[in-house]
Amino acid sequence: MSEETIEDEECLLTRRLLLRPVRQTDAQAIATLANDRHIAEMTARIPHPYRLEDADAFIAGLGEERAFAVTLRERGTFIGVVGLQPRERAVTSFELGYWLGRPFWGEGYATEAAQAAIDKAFGALSAQCIEVRCRVVNAASRRIIQKCGFHYAGTGMDVSRTVGRVASETYRMDRRCWQSLKEWGGR
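All values reported here derive from a predicted model rather than from experimental measurement.

Description of the pattern of salt bridges
Pairs may arise between side chains of opposite charge once their charged atoms sit close together.
Turning to step 1, where the next piece is worked out: All told, the structure shown has 14 salt bridges when counted by the stated rule.
Turning to step 2, where the next piece is worked out: Of the charged contacts in the structure, one is a salt bridge between Arg16 and Glu112, with a shortest N-O distance of 2.8 Å. Highlighted residues: Arg16 in the loop between strand E1 (12-13) and strand E2 (17-21) and Glu112 in helix H5 (residues 109-122), separated in sequence by 96 residues.
Turning to step 3, where the next piece is worked out: Residue Glu112 is classed as buried on the basis of its relative accessible area of 11%.
Turning to step 4, where the next piece is worked out: Taken together, the shared-partner salt bridges in this structure form one network comprising Arg87, Glu95, Glu131, Arg133, Asp158 and Arg172.

Focus on the packing of aromatic side chains
Turning to step 1, where the next piece is worked out: Counting across every chain of the model gives 3 aromatic pairs.
Turning to step 2, where the next piece is worked out: Ring plane angle 25 degrees and centroid distance 5.2 Å describe the contact between Phe122 and Trp178, whose orientation is recorded as stacked. One end of the pair, Phe122, is in helix H5; the other, Trp178, is in helix H7 (residues 175-185), and 56 residues separate them in sequence. Across the pair, Trp178 and Phe122 agree in class, each one buried.

A look at the sheet that holds E1
Turning to step 1, where the next piece is worked out: Read from one edge of the open sheet, 8 strands run E1-E2-E3-E4-E5-E6-E8-E7, paired in mixed fashion. One side of each edge strand has no neighbouring strand; the edge strands of this open sheet are E1 and strand E7 (151-160).
Turning to step 2, where the next piece is worked out: Against the sheet, helix H6 (residues 139-148) touches strand E5 (93-100), strand E6 (129-135) and strand E8 (164-174), its axis set at about 160 degrees to E6.

Quick look at the pairing of strand E3 (residues 66-72)
Turning to step 1, where the next piece is worked out: Among the 7 residues of E3, 6 are classified as buried, and the element is accordingly described as predominantly covered.
Turning to step 2, where the next piece is worked out: For E2 and E3, the ladder comprises 5 bridges, and the chain directions are antiparallel. By the bridge assignment, Arg20 is partnered in E3 with Ala69.
Turning to step 3, where the next piece is worked out: As judged from the 6 bridges shared by E3 and strand E4 (residues 78-86), these two strands associate in the antiparallel manner. Each residue of the ladder has a partner; that of Phe68, found in E4, is Val82.
Turning to step 4, where the next piece is worked out: Hairpin connection, E3 to E4: the antiparallel pair is bridged by 5 residues, and Gly76 has positive phi, about 75 degrees.

Calculation rules
- Residues numbered from 1 in each chain as written.
- Predicted model: local features only at pLDDT ≥ 70, side-chain atom pairs only at ≥ 80, totals over all residues.
- Heavy atoms only, no water.
- Salt bridge = Lys/Arg side-chain N within 4 Å of Asp/Glu carboxyl O.
- Helix = DSSP H or I, 4+ residues; strand = E, 2+ residues; numbered from the N terminus.
- Buried < 20%, exposed > 50% of the residue type's maximum accessible area, 1.4 Å probe, protein only.
- Phe/Tyr/Trp six-rings, centres within 6.5 Å; stacked < 30°, edge-to-face > 60°.
- Pairing = 2+ DSSP bridges.
- Contact = heavy atoms within 4.5 Å.
- Axes fitted to C-alpha atoms, helices over the stretch in contact; angles between N-to-C directions.

Structure follows, in structure tokens:
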């Protein structure tokens, strides 16, 4: 993929990943990887079973949400999705969401993808705040959230399309925190 194409598509590059806008052509890969009960149980929006029709509906319903296909840079392999959903009409606050297919767990890809999306939100999208939630029982997601620099904001109830009502934790990061983290990384 050329640098010109990457810029045209608002792609995000990391050391190992290319994040590009989700396309209709990703529907089959999304349906294949997201059709995992464990993934569905740990997310609010993924039903189980997850079919091609669900992927088509997800893509068609994106609206103002920024959803990125997470792919391995060297091979172009689709491995999951990371998204930024506006939380207010002013679009200064976003909710971060992510999932990766099970074969790609434990490699640090989710943290790398989440950090790229966070930089996009605070940089080009001028976000003032980002929230992220995870189920209380999802220790792996909690580690990703903490590695990204979010701070704990509280516990509450959420609704999973697969499980129903579940206990969840909310984490937040504001612009000042993000700027501090970026400064520390440059030292």
